[in-house]
Amino acid sequence: MKLDLKTLTFMGAALLAACTSSAQSPEELNDLEIAHVAYIADNIDIQYAHLALALSENSTVREFAETMVRDHNGVNAQALALLEKLGAQPQNNFLSESLQANAKGIVDNLTSLRGADFDRAYAQNELAYHQAVNDLVENAFIPNIENAEVKALFEAGLEIFKAHEAAAELMVAAVK
Amino acid sequence: MIKEIWSDAVCRTLLTAWSLTLVVATMLVVLASRSTYAEAAEHVIDIKSFVYNPEILEIRVGDRITWTNSDFVSHTATAVVVDGQSDSVATQEHSVWTTGEILAGEKKTIVATESMILEYFCRYHTAMKASLLIK
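Keep in mind it's a predicted model, so treat the numbers as computed, not measured.

Some remarks on the overall build of chain A
Helices and strands together make up the secondary structure of chain A, namely six helices and zero strands. When the helices and strands of chain A are placed in sequence order, the string is α-α-α-α-α-α. Counting all 176 residues of chain A, 49% fall into the buried class. In chain A, the proportion of contacts linking residues at least 24 apart, taken out of those at least 6 apart, comes to 81%.

Here we look at the side chain of T68(B)
Residue and element names in this part refer to chain B. Mapped onto the elements of the fold, T68 is located in strand β4 (residues 64-69). A distance of 2.7 Å separates polar atoms of two side chains, one belonging to T68 and the other to D46. For T68, the contacting residues outside a window of four places in its chain are V44, I45, D46, I47, E106 and K107.

Some remarks on the sheet that holds strand β8 (residues 129-134) of chain B
Residue and element names in this part refer to chain B. Reading across from one edge, β3-β8-β7-β5 is the order of the four strands in this open sheet, with mixed pairing throughout. Edge positions in the sheet fall to β3 (56-59) and β5 (78-79), since each has one partner strand and no second. Relative to β8, β3 is paired through four bridges, and the arrangement is parallel. From the neighbouring strand, I59 faces β8, where its bridge partner is I134.

Notes on the pattern of salt bridges
In the structure shown here, the tally under the stated rule is seven salt bridges over all chains. A salt bridge links E63(A) to R123(B); the shortest N-O distance between them is 3.5 Å. Of the two residues, E63(A) sits in helix α3 (residues 59-86) while R123(B) sits in the loop between β7 (119-121) and β8, which places them in two different chains. Here E149(A) ties to K85(A) by a salt bridge, and the two come within 2.4 Å at their closest N and O atoms. With a gap of 64 residues between them, E149(A) in helix α6 (residues 148-174) and K85(A) in helix α3 connect regions that are remote in the sequence. Classification of K85(A) by relative accessible area gives exposed; the value is 60%.

A word on the packing of aromatic side chains
Considering all chains together, one arrives at eight aromatic pairs over all chains under this definition. Cluster of aromatic residues (ring-pair linked, three or more members): Y52(B), W67(B), W97(B) and Y120(B). The ring of Y124(B) has R70(A) lying over it, and the distance from NZ or CZ to the ring centre is 3.4 Å.

Some points on the confidence of the model for chain B
All names here are of chain B. For chain B, mean pLDDT is 83; residues scoring 70 or higher make up 76% of the total. Within the model, pLDDT remains below 50 along residues 85-90, and this stretch shows six contacts once partners closer than five positions in the same chain are excluded. Interface scoring of the predicted complex returns ipTM 0.80; its pTM is 0.77.

What about the nonpolar core?
Core analysis: the largest hydrophobic core is formed by 46 residues, its most contacted members being Y48(A), Y122(A), F141(A) and F154(A). Counting only elements with at least two residues in this core, the list comes to α2 (31-55), α3, α4 (94-110), α5 (115-141) and α6 of chain A. Of all the elements, α5(A) adds the most residues to this core, at eleven residues. Once residues lying within four places of it in the same chain are set aside, the contact partners of Y48(A) are A103(A), I106(A), V107(A), L110(A), Y122(A), N125(A), E126(A) and Y129(A). Counting 26 residues, the second-largest nonpolar core is a separate cluster that includes F50(B), Y52(B), A77(B) and L132(B).

Considerations on the packing of α2(A) against α4(A)
Residue and element names in this part refer to chain A. Running from N to C, α2 and α4 point in directions that differ by 10 degrees, and their axes come no closer than 9 Å. The angle between α2 and α4 places the two elements in the roughly parallel class. Within the contact between the two elements, α2 uses H36, V37, I40, A41, I44, Q47, Y48, L51 and L55 and α4 uses L95, S96, L99, Q100, A103, I106, V107 and L110. A per-class count over the contact of α2 with α4 returns 13 nonpolar, four polar and no charged.

Observations regarding the interface of chain B and chain A
Residue-level contacts link nine residues of chain B with twelve residues of chain A. For the chain B and chain A pair, buried surface summed over both sides reaches about 980 Å², with 63% attributable to carbon and sulfur atoms. The largest contributions to the chain B side of the interface with chain A come from F50(B), F72(B) and Y124(B), which together make up 55% of the buried area. The interface formed by chain B and chain A holds one salt bridge in total. Applying the counting criterion to the chain B and chain A interface returns four residue pairs in polar contact (both at pLDDT 80 or more). Considered class by class, the residues forming the side of chain B that touches chain A number four nonpolar, three polar and two charged.

The rules we used
- Residues numbered from 1 in each chain as written.
- Chains lettered and ligands numbered in written order.
- Predicted model: local features only at pLDDT ≥ 70, side-chain atom pairs only at ≥ 80, totals over all residues.
- Heavy atoms only, no water.
- Helix = DSSP H or I, 4+ residues; strand = E, 2+ residues; numbered from the N terminus.
- Buried < 20%, exposed > 50% of the residue type's maximum accessible area, 1.4 Å probe, protein only.
- Contact = heavy atoms within 4.5 Å.
- Polar contact = N/O pair within 3.5 Å; in protein donor to acceptor, adjacent residues only side chain to side chain.
- Pairing = 2+ DSSP bridges.
- Salt bridge = Lys/Arg side-chain N within 4 Å of Asp/Glu carboxyl O.
- Phe/Tyr/Trp six-rings, centres within 6.5 Å; stacked < 30°, edge-to-face > 60°.
- Lys NZ or Arg CZ within 6 Å of the ring centre and 35° of its normal.
- pLDDT = per-residue confidence, 0-100.
- Core = buried A, V, L, I, M, F, W, Y, C linked by side-chain atoms within 4.5 Å.
- Axes fitted to C-alpha atoms, helices over the stretch in contact; angles between N-to-C directions.
- Parallel < 35°, antiparallel > 145°, perpendicular 65-115°, else oblique.
- Nonpolar A, V, L, I, M, F, W, Y, C, P; charged D, E, K, R; others polar.
- Buried area = accessible area lost by both parts, 1.4 Å probe.

The following block contains the structure:
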């Protein structure tokens, strides 16, 4: 059975929801694990954006994707600089791994699409992805981050990702 | 007759002196206004949390406007070209300008011109909008 994008996104959200009821919940991650999740989440969206730049001819989609590459690389650079300053390394964890596993399925699905089908799927995924990540950052991460500088970085990052979410909404409407 | 010639000479001299005085005075007024015009002001617009601050800035032609980027990501300040205007029309009737990419922590400056487009936005984050107001 070929998984469609909606099913994959639901699976990802269900996985995240299920994780909150186990001992390994997003709220229980330490600062370095949270930093790792953020780095992986940024890289996943950069990967989606490169796919869009390779496969889409829609100017709205391409401009959005270029912004994703630019912005997520910028946030990653700030995060890595902070970790270097703190003398710390991000730590891999269950949530980073589940995000990567989920992303693989979405990439497989997106690469099978072309034209308007791809544009719609990419736009919908970007909106769903940013909504899910923003909820995670705002409600699970920021309240539990201990280091003040790391918290400030995530608060600034959340502003950026909320702007992305708003732009994704416009993109979804534009490619309908 | 001598009296008449002298009177005529005096009149001519006075008129010439008056004309010269008028010309010099006019030149002095023009120079004074030019020196005032040349005192261009410096303005700073800070980009923070995806907002241009101030969102409306009063300027004069010749002023220097500097955008500082206090965000983690790149922005631009780019003139808004109204849909339907061709590039050639926009170029002829207005000044289409842009700062280009302003990297995080960096700044870019432009000089205000008489016919510049006053509405601008961020090329990368199109919801970010602001405007200039020429006095």
